[in-house]
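# A closer look at the structure
Listed below are the residues making up each chain.
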Amino acid sequence: MKHSKYSIVIIGSGAAGLYLALSAQRKCRTKDGILVLTKSGLDECNSALAQGGIVSVMPEINPRDNVTSHIMDTIKAGCGLNDFNIVKFISENSSCVINDLIDLGVEFDKKEDGSLSFTLEAAHSMPRILHAGGDYTGRVIEDRLAHLVKKSDSIEVYENSMAVELLCDNKKACRGVLIYNPALDTYEAVYSNAVILATGGIGQVYEYTTNPVVATADGIALASLAGAEVSDMEFVQFHPTALSASALGEKPKNMPLVSEAVRGEGAKLLNADKKPFMEKYHPKAELAPRDVVARAIFNEMETAQSRNVFLDITPIGLERFKKRFPAITNICNEANIDLSTGLIPVSPAAHYFMGGVKVNFNMETTIENLYAIGEVSRTGLHGANRLASNSLLECVVCAYKLADVLSQRNLDAPKSFDSGVKATLEMYEGNFANEILETGILRRMLKKAMWQNAGIVRTKDGLNNALRVIEDIKLISKHSRVYSTQEGYELRNSIIAAQLITEAALSRENSIGAHFREDAQELPKNISDIKTASMLRM
Ligand code: FAD
Ligand code: SIN
């Protein structure tokens, strides 16, 4: 086994991981360098797929907007389960960090007069979302950050390298990470006193998802195997409008997104009979919070026994649509959808994870030397549901903050390891790898069970069914820690996350935000208003 050491090890190359690497390079003393590890290619991640944009609270150039309004919208969407202080912190730092991205060369779209173009998305009280390349926002940000990381002398990148275990000592402090290289079937132990989880989301735990194949909940599994606290695990966000699997022929590995910004620009939802329906579910109709729209669509599909509803883009106009949404236009062309009919078939899909590895204001997990940023973390920003385009903002503001925190530490202290670390390494050096031939079948079983039982609408019986399937899969896969393939590790990680999500969903017996229990006692209707009001008084 190879052994190496770095001042900082970042697991994940999405917006959070790459922006942290660049910020740490500028702010920290890193004699042993910075390592960015990534499971696939540098840009295969949720970040690169982001369409709608990034929240940018910039009252100095967007005078109708202000921090209080963004805080209110975020807490309303999160049904008051948000942590007020982190919401305030992220909102207040938005302008400074977005300006830093612009200084780094990220080109956001501008209006004809040369000023930044702010758009509107559901549940925002005003246009405050910056976008880039039309609806290629994530791609533009990711490409720029990746370009700068590749150019840097102090940042090393390992592609196609999967973190499979955190190396913790006898005092439970993190001392590094164990990497698996599937092409060579080899392991490498990397020692560092600052290990950062930036591993993104969990979408691939579900049958239908907008997330790419790398989103197998690895960070959640690594943290919980090491004993770190996770939180808010019941809160999975289902995006209302992914391009329906019914339009995609063979079952896709992930479903392309049809951005919420399309509704922000005026598109309407129609049911299988081509009739509008959102007004009967919420006064804000198409611009209601995401969970409300997702459940409304789910309900319409159940009622009509249809596989999708439609997004009617005629109010936007075809030419304007193509100009504003080039990525979605390409996605539709590839799926042979004739946009001149004005109708795009859409259905909900698992999209974003509000829960995650619990961190404090310094992005520290409950394990010493282990930090988490981006979608894998649970900062408290989102509460029970995330407001659109708050995620990219959280990635970059928290990365920026963590770089400040790391700049205060002596990262070049000797990288020690004891018998605790050695014992973990011995597990992997031994010949105990679990070879499972049925990985694909077991993954499909798990994903289906989670979609059907721990998805948009949940019941106690359904959640118990999911737990039974999870137990069966553990039995068949001889659930162990060490595997002989990347797919084996991904199955291990997805099982761990699925169990945590399902157990949390079982124990929260009420419905709130993205967690909807059909068998729940109704909460008072104005619960979110009550909580919002009380939090804003703090
Ligand atoms: P990611 O960008 O997902 O990166 C995770 C990285 O970790 C990947 O590089 C992955 O390969 C790596 N990794 C995972 N496990 C391991 C491992 N074991 N070892 C090594 N590497 C590992 N949010 C917005 O704010 N605005 C939007 O418009 C928007 N649109 C979206 C559209 C789509 C289709 C999707 C899927 C999400 C969208 N989101 C949006 C959400 C947002 O994109 C993500 O929450 C955010 O990009 C997450 O960034 P991240 O850096 O935390 O993780
Ligand atoms: C979208 O463009 O609809 C996704 C935005 C988000 O997930 O924040």
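Here we summarise the structure given alongside this text. (Residues numbered from 1 in each chain as written. Chains lettered and ligands numbered in written order. Predicted model: local features only at pLDDT ≥ 70, side-chain atom pairs only at ≥ 80, totals over all residues. Heavy atoms only, no water.)

### Notes on the site of ligand 1
Selection rule: Here a residue is considered near a molecule or strand provided that any single heavy atom belonging to it is located within 4 Å of it. Counting of polar contacts relies on pairs of N or O atoms within 3.5 Å, with two restrictions inside protein: one atom must be capable of donating a hydrogen and the other of accepting it, and residues adjacent in sequence are counted only when both atoms are side-chain atoms. For every accessible area listed, the method is Shrake-Rupley and the probe measures 1.4 Å; residues are considered covered only by the protein chains on display. Helix and strand definitions follow DSSP, with helices as H or I runs of at least four residues and strands as E runs of at least two, each counted in order from the N terminus. Residue classes follow a fixed rule: Ala, Val, Leu, Ile, Met, Phe, Trp, Tyr, Cys and Pro count as nonpolar, while Asp, Glu, Lys and Arg count as charged, and any other residue, Gly among them, counts as polar.
Neighbouring ligand 1 are 39 residues, the closest being Ser-47, Gly-53, Glu-375, Ser-391 and Leu-392. Residue Ser-13 places a side-chain N or O atom 3.1 Å away from an oxygen atom belonging to ligand 1. Within the backbone of Ser-389, one N or O atom sits 3.3 Å away from an oxygen atom of ligand 1. Taking 1,000 Å² as the accessible area of ligand 1 by itself, protein coverage stands at 98%. Those elements that provide at least two residues to the shell around ligand 1 are helix 1 (15–27), strand 8 (162–168), strand 16 (343–353) and helix 10 (390–407). At 4 residues, helix 10 tops the list of elements feeding residues into the shell around ligand 1. A per-class count over the shell around ligand 1 returns 15 nonpolar, 19 polar and 5 charged.

### What to know about the pattern of salt bridges
Counted only if it meets this: By definition here, a salt bridge exists when the distance from a side-chain nitrogen of Lys or Arg to a carboxyl oxygen of Asp or Glu is within 4 Å. When accessible area is computed with a 1.4 Å probe and restricted to protein chains, residues below 20% of their type maximum are described as buried, those above 50% as exposed, and intermediate ones as partly exposed.
Going through the model one piece at a time under the given rule, you end up with 29 salt bridges. The salt bridge partner of Arg-263 is Glu-260, with a shortest N-O separation of 3.2 Å. With Arg-263 and Glu-260 both in helix 6 (residues 260–264), this residue pair falls 3 residues apart, about one helical turn. Of the two residues, Arg-263 and Glu-260, neither departs from the other in class, the shared state being buried. Residues Glu-319 and Lys-322 are paired through a salt bridge, measuring 4.0 Å at the closest nitrogen-oxygen approach.

### A short note on the side chain of Ser-347
Test applied: Residue contacts are defined here by distance: any two heavy atoms, one from each residue, within 4.5 Å place the two residues in contact.
Looking at the secondary structure, you find Ser-347 in strand 16. Leave out the neighbours within four places in its chain, and Ser-347 touches His-239, Pro-240, Thr-241, Ala-242, Ser-244, Ala-245, Met-255, Met-301, Arg-307 and Asn-308.

### A word on the site of ligand 2
Surveying the vicinity of ligand 2 reveals the residues Gly-52, His-239, Leu-257, Ser-259, Glu-260, Arg-290, His-351, Arg-386, Ala-388 and Ser-389. His-239 has a polar side-chain atom sitting 2.8 Å from an oxygen atom of ligand 2. Arg-386 has a polar side-chain atom sitting 2.7 Å from an oxygen atom of ligand 2. Burial of ligand 2 by the surrounding chains reaches 93%, relative to a free accessible area of 260 Å².

### A word on the environment of Asp-338
Here Asp-338 shows up in the loop between helix 9 (326–334) and strand 16. Residue Asp-338 is classed as partly exposed on the basis of its relative accessible area of 45%. Taking the C-alpha atoms as reference points, Asp-338 and Phe-277, 61 residues apart in sequence, are found 23 Å from one another.

### Concerning the pairing of strand 10 (residues 186–191)
As a reminder, the rule being used: Any two strands are treated as partners once DSSP identifies two or more bridges connecting them.
The element strand 10 is largely enclosed, with a buried count of 5 among its 6 residues. For strand 1 (residues 2–5) and strand 10, the ladder comprises 4 bridges, and the chain directions are parallel. Looking across to strand 10, one finds that His-3 is bridged to Ala-189. Relative to strand 10, strand 9 (residues 174–181) runs antiparallel, the two being bridged by 6 bridges. In the sheet register, Gly-176 faces strand 10, and the bridge partner there is Tyr-191.

### Description of the sheet that holds strand 10
Consider a sheet: its strands pair through backbone hydrogen bonds, and that pairing is either parallel or antiparallel. Rules: Inter-axis angles, ranging from 0 to 180 degrees, are taken between N-to-C directions of lines fitted to C-alpha atoms, where helices are fitted over the stretch in contact.
Read across the open sheet, the 4 strands follow the order 1-10-9-8; overall the sheet is mixed. Of all strands in the sheet, those with a lone pairing partner are strand 1 and strand 8, marking the two edges. Recorded for the sheet is a direction-independent mean angle of 25° between the axes of neighbouring strands. Of the strands in this sheet, strand 1, strand 8, strand 9 and strand 10 touch helix 11 (residues 419–429), which is tilted by about 145° from strand 8.

### Re the nonpolar core
The condition is simple: Here, nonpolar core refers to any group of buried Ala, Val, Leu, Ile, Met, Phe, Trp, Tyr and Cys residues whose side-chain atoms link them within 4.5 Å.
Phe-108, Leu-166, Ile-196, Tyr-206 and Ile-373 are the most contacted members of the largest nonpolar core, which totals 136 residues. No other element matches the 11 residues that helix 10 contributes to this core. In this structure Phe-108 touches Ile-54, Ile-98, Leu-101, Ile-102, Leu-116, Leu-130, His-131, Ala-132 and Ile-141, once residues within four positions along its chain are discounted. Membership of the second largest hydrophobic core comes to 29 residues, among which are Ala-267, Ala-285, Ile-313 and Cys-332.

### Details of the sheet that holds strand 13 (residues 236–243)
In space, the 4 strands of this open sheet follow the order 13-16-15-14, with antiparallel pairing throughout. Taken across any chain shown, the strands that pair with only one partner, and hence form the sheet edges, are strand 13 and strand 14 (268–270). Along the sheet, successive strands turn relative to each other by an average axial angle of 40°, direction set aside. Pairing of strand 14 with strand 15 (residues 309–312) involves 3 bridges; the strand directions are antiparallel.

### Observations regarding helix 14 (residues 486–507)
Given 3.6 residues per helical turn, the α-helix brings residues three or four places apart onto the same face. For clarity, the cut-off: In this analysis, the expected span of each helix is defined as 1.5 Å times one less than the number of residues it contains.
Taking 1.5 Å per residue, 22 residues should reach 32 Å; helix 14 reaches 32 Å between its end C-alpha atoms and fits that length. Within helix 14, 18 of the 22 residues are buried, leaving the element largely enclosed by the surrounding structure.

### Things to note about the packing of helix 12 (residues 439–453) against helix 13 (residues 460–476)
What counts here: The labels follow the angle: roughly parallel below 35 degrees, roughly antiparallel above 145, roughly perpendicular from 65 to 115, and oblique for the rest.
Running from N to C, helix 12 and helix 13 cross one another at 170°; their axes reach a closest spacing of 9 Å. Relative to helix 13, the element helix 12 lies roughly antiparallel. Here helix 12 contributes Leu-442, Met-445, Leu-446, Ala-449, Met-450 and Asn-453 to the contact with helix 13, which in turn contributes Gly-462, Leu-463, Asn-465, Ala-466, Val-469, Ile-470, Ile-473 and Ile-476. Taken together, the residues of the contact of helix 12 with helix 13 break down into 11 nonpolar, 3 polar and no charged.

### A closer look at the packing of aromatic side chains
Note the threshold: Any Phe, Tyr or Trp ring, taking Trp's six-membered ring, that has another such ring centre within 6.5 Å forms a pair; planes under 30 degrees apart are called stacked, those over 60 apart edge-to-face, and the others tilted. Criterion for a charge above a ring: Lys NZ or Arg CZ within 6 Å of the ring centre, and within 35 degrees of the ring normal.
Applying the stated criterion to the full structure yields 12 aromatic pairs. Seen in terms of ring centroids, Phe-238 and Trp-451 are 5.9 Å apart; in terms of plane orientation they differ by 70°. Their pairing is edge-to-face. Taken together, the residues Phe-238 in strand 13 and Trp-451 in helix 12 connect sequence positions 213 residues apart. With respect to burial, Phe-238 and Trp-451 carry one shared label: buried. Among the aromatic residues, those joined into a ring-pair cluster are Tyr-180, Tyr-187, Tyr-428, Tyr-483 and Tyr-489. The ring of Phe-310 carries Lys-274 above its face, with NZ or CZ at 5.0 Å from the centroid. The positively charged end of Arg-386 is found above the aromatic ring belonging to Tyr-352, 4.0 Å away from the centroid.

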